[in-house]
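Residue-level structure breakdown
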Amino acid sequence: MTTSSADPLERAPGRAPRRALVAGSVGNFIEWYEFGVYGFFATIIAANFFTPDGGSEFEGLVKTYASFGIAFFFRPIGAAVFGRVGDRIGRRPTLILVLLLMTVATTLIGALPTYATLGAAAPWLLTVLRILQGLSAGGEFGGAVSIMTEFAPPGRRGLYGAWQSFTVALGLLAGAGAAALSATVMSEASLGDWGWRVPFLLTLPIGLVALWLRLRLEETPAFRAAAAGEATTAPGPVAPSGGPEPVALSGGPESVTPSGGRGPVTPSGGPEPEASSGGPERGTPSGGPERVAAPREVAVAIVLGAARIMGWSAAGYTFLVVMPSYLQATLNATFQQALVATVVANAGFALTILPAGLLSDRIGRRPVMLTGAALVVVLAFPLLNVLQEPGSSAFTQALAVFAAGVVVGLMAGPGPAMLAEMFPTRVRYTGLGLAYALSNAVFSGCAGLIITEVVKHTGEVDIPAYYVAVTCAVSVLALLTLREEGRRGAPRGRARTDGKNEKNGESKENGQNRGNGGNGEGGQNERQEETPCG
């Protein structure tokens, strides 16, 4: 199949996808580096800002995690505000604004006077800066994932989207490394006095580099096409089994036609010639604009998307961020031991993400993410019991936390692309950003607070396992609604129509029955690249 190169929107410059990966990733790196540092230094921050008069360790941690969690509750606001801006004026300018806000807020935390110097204003100022970070973080995810997936070559959205999660892992590892290095080279007194500030202040030079990268970033062809009223794949109405109909992203012919073939739908029902890398979504060769998704459709997709990733959110923060404080406060581990455990867990997480994203391009998002969520349900208690058992060897405990990171990586790798595929271009920044922010606000931001408070009042040390098992069980149910027929195969973006049954819309290539597609739109409610605007 060929694609005309006359239209500049149809062919992104050769370096544009790589630039999109780097520029999109660096903001995520800074965001999660800071969140990691804050989580790793939670006990020290508690002593400096929340328990200056020698209050209990649990009391300080609860207050620290309350400040930690409030940033997450402002994420949905940031996702809505910056998402709306990004869907109207473009991904590039919005991501530059978000980066500036994030860098300034994080740097100021490193320069903030403590309670001993500023008095009661210190914890309030810290909380205000956390709120600003929450707003910027809410605007970061939707834009970064939109940039990555809209520039992704055909059949590689899973891999490109996985870079968002991969830089989360790199940021957490960098935060853990900075905290561990500080704890190693400084005395405990120096670390508690001023050493904790250094990792926060390092955000400033990193942020300046990130700003330079984003200033060189181009706007995505998909957004330019949508803004100019060019043709994009129109989402179908809400499907009873899983939400509204999916839409194609740029550069990919991976949706399924009513007749069972892949590719964006043409009036004749056959697959349209694929767009080249970075091209806009194509729905009608006549160049008509995409149908604007109804607010109800978008709302349903947001809720469904949040449910699909709640296990990723809860397990990710429990195993990768909250674990150091849990090990110290509950299992009496040293600060260095807790950090080493977290670094090992994050290593397992990082090593799994990109292979999981790549695998999802070949076999679908659902089987990969279902495997990760189901494994958390099954392994949560055994893994935690290994850490609690005094007789467990260091190698066995390291293997347990490494495995915890791996199963989270199975969900995090395909997750960004799965969310991006749920929304059309004109609401993608807002939709996927809100789904992610809502899930993180409830199930990540509250993880430390819930676990610490419940353990304090009940004495039950298995609370982290209960928490991640229940949330992942809900994600399993939500992921079962994700239909995967149209995303299988075509790793190079080739629209394959062999083996299709045009009579009843069944793709024999996948061995799955999509039914007759009775949605009043030519049977497109089973035209699956992903499931909604669901």
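Structure: see above.
Everything quoted here is computed from the prediction, not taken from an experiment.

Some points on the overall build of the chain
In terms of regular secondary structure, the chain is built from 20 helices and 5 strands. Across the 534 residues that make up the chain, the buried fraction comes to 62%. In the form shown here, the chain has an accessible surface area of approximately 18,200 Å², with 66% of it arising from carbon and sulfur atoms.

Considering helix α15 (residues 365-388)
Relative to the 34 Å expected for 24 residues at 1.5 Å per residue, α15 spans 34 Å between its end C-alpha atoms, a close match to the ideal helical length. At L379, α15 is bent by approximately 55°, the largest bend along its length, and proline P382 sits one to four residues beyond. Every buried residue belonging to α15 is among R365, V368, M369, L370, G372, A373, V376, A380, L383, L384 and L387, and all of these are buried. On its buried face, α15 is in contact with α8 (157-185), α13 (295-331), α14 (335-363), α16 (394-412), α17 (415-420) and α20 (463-479).

Regarding the side chain of R75
Its location among the elements puts R75 in helix α4 (residues 75-89). In contact with R75, other than residues within four places in its own chain, are E31, W32, F35, G134, A137, G138, Y317, Y436, A437 and N440.

Overview of the packing of α8 against α14
Between α8 and α14, whose axes approach to 8 Å, the crossing angle comes to 170°. In terms of orientation, α8 and α14 fall into the roughly antiparallel class. For the contact of α8 with α14, the per-class residue count stands at 21 nonpolar, 6 polar and 2 charged.

Comments concerning the packing of aromatic side chains
Working definition: an aromatic ring pair is given by the centre-to-centre distance plus the angle between the planes. This structure, assessed with the given rule, holds 8 aromatic pairs. An angle of 80° between the planes, with centres 6.0 Å apart, marks the rings of W196 and F200 as edge-to-face. Considered together, W196 and F200 belong to a single accessibility category, that of buried residues. An aromatic cluster of at least three residues, connected via ring pairs, comprises F49, W196 and F200.

Structural notes on the pattern of salt bridges
Inspection of the entire model under this criterion finds 10 salt bridges. The salt bridge involving E150 is made with R428; its shortest N-O contact spans 2.7 Å. Of this pair, E150 sits in helix α7 (residues 121-151) while R428 is found in helix α18 (residues 425-443), placing the two residues 278 residues apart along the sequence. Owing to a relative accessible area of 0%, E150 belongs among the buried residues under this scheme. Residues R365 and E421 are paired through a salt bridge, measuring 2.6 Å at the closest nitrogen-oxygen approach. Residue R365 is located in helix α15, and its partner E421 is located in the loop between α17 and α18; the two are separated by 56 residues in the primary sequence.

Thresholds applied
- Residues numbered from 1 in each chain as written.
- Predicted model: local features only at pLDDT ≥ 70, side-chain atom pairs only at ≥ 80, totals over all residues.
- Heavy atoms only, no water.
- Helix = DSSP H or I, 4+ residues; strand = E, 2+ residues; numbered from the N terminus.
- Buried < 20%, exposed > 50% of the residue type's maximum accessible area, 1.4 Å probe, protein only.
- Areas by Shrake-Rupley, 256 points an atom, 1.4 Å probe, with all protein chains shown as cover.
- Expected span 1.5 Å × (residues − 1).
- Bend = angle between axes of the 7 residues up to and from the residue.
- Contact = heavy atoms within 4.5 Å.
- Axes fitted to C-alpha atoms, helices over the stretch in contact; angles between N-to-C directions.
- Parallel < 35°, antiparallel > 145°, perpendicular 65-115°, else oblique.
- Nonpolar A, V, L, I, M, F, W, Y, C, P; charged D, E, K, R; others polar.
- Phe/Tyr/Trp six-rings, centres within 6.5 Å; stacked < 30°, edge-to-face > 60°.
- Salt bridge = Lys/Arg side-chain N within 4 Å of Asp/Glu carboxyl O.

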